[in-house]
Amino acid sequence: METAFLFTLTTIFIIESIFEVRYYAQVRTIFLRPGRAVLNKRVARIIKVENMWSWGSWILLILMFILPERFTFLLICVITLIETWVVYELRSARNYAERINK
């Protein structure tokens with residue numbers, strides 16, 4: 001049962017990672033185009049958090065292979081939870097950027 005749950009969370013993490021890259025690219029494209037809106041504090045914070053999380057997630061993923069098996073369950077839960085939050089924030093930043101640039 002635990003293996004199935006870990007597999008499910010890992011699959012969710014991989015899918016969310018794809019969306020994270022996609023939303024991040026869209027947000028950067030919207031704000032880097034000439035004549036577009038100025039980057040506000042909230043969107044700048046989200047981009048900063050996403051950059052830090054990119055490094056942090058790699059470190060946590062490497063730790064998953066180094067740490068004993070009993071920590072794998074907790075680590076994948078934490079990684080998936082943080083990834084979900086980052087994707088949610090990037091999606092809201094993208095929607096905000098599209099709304100103010102229309």
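The paragraphs below set out a description of the structure included in this document. Since the model is a prediction, treat every value here as computed from it, not as a measurement. (Residues numbered from 1 in each chain as written. Predicted model: local features only at pLDDT ≥ 70, side-chain atom pairs only at ≥ 80, totals over all residues. Heavy atoms only, no water.)

### Notes on the overall build of the protein
Looking only at helices and strands, the protein features three helices and zero strands. Each principal axis of the C-alpha atoms in the protein carries an extent, and together these give about 50 × 20 × 15 Å. Split into buried and exposed, the 102 residues of the protein put 34% on the buried side. Counting only contacts in the protein whose residues sit at least 6 apart along the sequence, the fraction spanning at least 24 positions is 78%. By element, 70% of the accessible surface of the protein is carried by carbon and sulfur atoms, the whole surface being about 7100 Å². Positive and negative charge centroids in the protein, built from 13 and 8 side chains respectively, lie 14 Å apart. (Helix = DSSP H or I, 4+ residues; strand = E, 2+ residues; numbered from the N terminus. Buried < 20%, exposed > 50% of the residue type's maximum accessible area, 1.4 Å probe, protein only. Contact = heavy atoms within 4.5 Å. Areas by Shrake-Rupley, 256 points an atom, 1.4 Å probe, with all protein chains shown as cover. Lys, Arg positive; Asp, Glu negative; His and termini not counted. Charge placed at Lys NZ, Arg CZ, Asp CG, Glu CD.)

### A closer look at the nonpolar core
Counting residues in each nonpolar core, the largest one holds 24 residues, and the members touching the most others are Val27, Val43, Met64, Ile79 and Leu90. Where this core is concerned, the elements lending two or more residues are α1 (2-32), α2 (41-66) and α3 (69-100). Filtering out sequence-adjacent residues up to four positions away, leucine 90 remains in contact with Glu20, Tyr23, Tyr24, Val27, Ile46 and Glu50. (Core = buried A, V, L, I, M, F, W, Y, C linked by side-chain atoms within 4.5 Å.)

### With respect to the pattern of salt bridges
Two side chains that carry opposite charge are able to pair once their charged atoms sit near each other. Scanning the model with the defined rule gives two salt bridges in all. A salt bridge links arginine 42 to glutamate 89, with the shortest nitrogen-to-oxygen separation between them at 3.3 Å. Here arginine 42 is found in helix α2, whereas its partner glutamate 89 is found in helix α3, with 47 residues between them in sequence. Since its relative accessible area comes to 37%, arginine 42 is described here as partly exposed. Since its relative accessible area comes to 11%, glutamate 89 is described here as buried. For arginine 45, the salt bridge identified is with glutamate 89, shortest N-O distance 3.9 Å. Pair noted here: arginine 45 is in helix α2 and glutamate 89 is in helix α3, with a separation of 44 residues, a long-range link. The class for arginine 45 is partly exposed, based on a relative accessible area of 39%. Salt bridges here are not isolated pairs; linked through shared partners, they connect Arg42, Arg45 and Glu89. (Salt bridge = Lys/Arg side-chain N within 4 Å of Asp/Glu carboxyl O.)

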